[in-house]
Amino acid sequence: MTDGAAAAVCCSCCCCCVVIPLTLGLLIYFSLHPTRSVMNIENIYIPALDIASNDSKTINTTTVSFRLISYNFSPRELYLDAVNITYYYGNNDSVIGFQSIPAFDIGEKGGSIIRDEMIRTSGISWEEARMVVSNGSLAMFRVRLDTKFRASNSYFCEWLNHWSCFPPTKRIGVKLGAKLNVNDHGKTPKNVVKLSSKPANFIMQSSIAATVHVMDCVRTSLLAALVLFLPILL
């Protein structure tokens, strides 16, 4: 083997030693990179507190209407299990309303899902709540959202030109919530309420964020190594 050929082989080996670890590192990074989705509640309306309307029929309606919007800012598609939403009044832990939204998917980056919902309430003293808002104060409610979600790995499948090579990630539990301050129009001062994982807001954060399970990363690395090393071995 000539010196030139030996140098070329050595250069190729060095490139492989750099490119392969770098590629695997990038794959692991994207596997571990948090998958984010922002969930907001909008258009909250509690007619029982809409005393400004002077409409007895409206005031005697004991429901909570709201819109749940889920945004996906990740390059991966998200699969959410049933979303359970619970309402509380004040600092009381007694449930006043519950709704379960069937499972749904959120498309890749830029996708969103809008759900308009209405919950029937019980076990709350509306007279007490009306007295609070009639004095110019805000009645405080709390909302809690519980669900589980998975993220697709189609990003890697597309890169490897094989759409079924990676199953979705493991299910990851999510608990979100917020305080809702309602005025005498039965609405919150701000139309958009961001759900949060902060303890003060009820175990939540403005976004769903999770780390892909370690086994998913191991599987990603092994398959990537196989794809990269196979041509060399052959």
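This text follows the structure it describes.
In this text the structure is predicted, and so the values were computed from the model without any measurement.

Draft legend 1. Structural view of the pattern of salt bridges. Applying the stated criterion to the full structure yields 7 salt bridges. With a shortest N-O distance of 3.2 Å, glutamate 117 and arginine 115 are connected by a salt bridge. With a shortest N-O distance of 2.9 Å, arginine 144 and aspartate 146 are connected by a salt bridge. The pair formed by arginine 144 and aspartate 146 is uniform in burial state, with each residue classed as buried.

Draft legend 2. Main features of the pairing of strand E5 (residues 95-101). Pairing geometry for strand E4 (residues 83-89) and E5, over 6 bridges, is antiparallel. Its bridge partner lying in E5, isoleucine 85 is registered against glutamine 99. Turn length for the E4-E5 hairpin, with the two strands adjacent in sequence and antiparallel, is 5 residues, and the turn residue glycine 90 shows positive phi of about 60 degrees.

Draft legend 3. Examining unusual backbone geometry more closely. Even without being a glycine, asparagine 43 presents a positive backbone phi close to 50 degrees. Of note, asparagine 43 is situated in strand E1 (residues 35-45). Classification of asparagine 43 by relative accessible area gives partly exposed; the value is 33%. A positive phi is found at asparagine 54, a non-glycine position, where the angle reads about 55 degrees. On the secondary structure map, asparagine 54 appears in the loop between E1 and helix H2 (56-59). Residue asparagine 54 is classed as exposed on the basis of its relative accessible area, which comes to 71%.

Criteria and thresholds
- Residues numbered from 1 in each chain as written.
- Predicted model: local features only at pLDDT ≥ 70, side-chain atom pairs only at ≥ 80, totals over all residues.
- Heavy atoms only, no water.
- Salt bridge = Lys/Arg side-chain N within 4 Å of Asp/Glu carboxyl O.
- Buried < 20%, exposed > 50% of the residue type's maximum accessible area, 1.4 Å probe, protein only.
- Pairing = 2+ DSSP bridges.
- Helix = DSSP H or I, 4+ residues; strand = E, 2+ residues; numbered from the N terminus.

As far as function goes, none of this settles anything; it's purely spatial.
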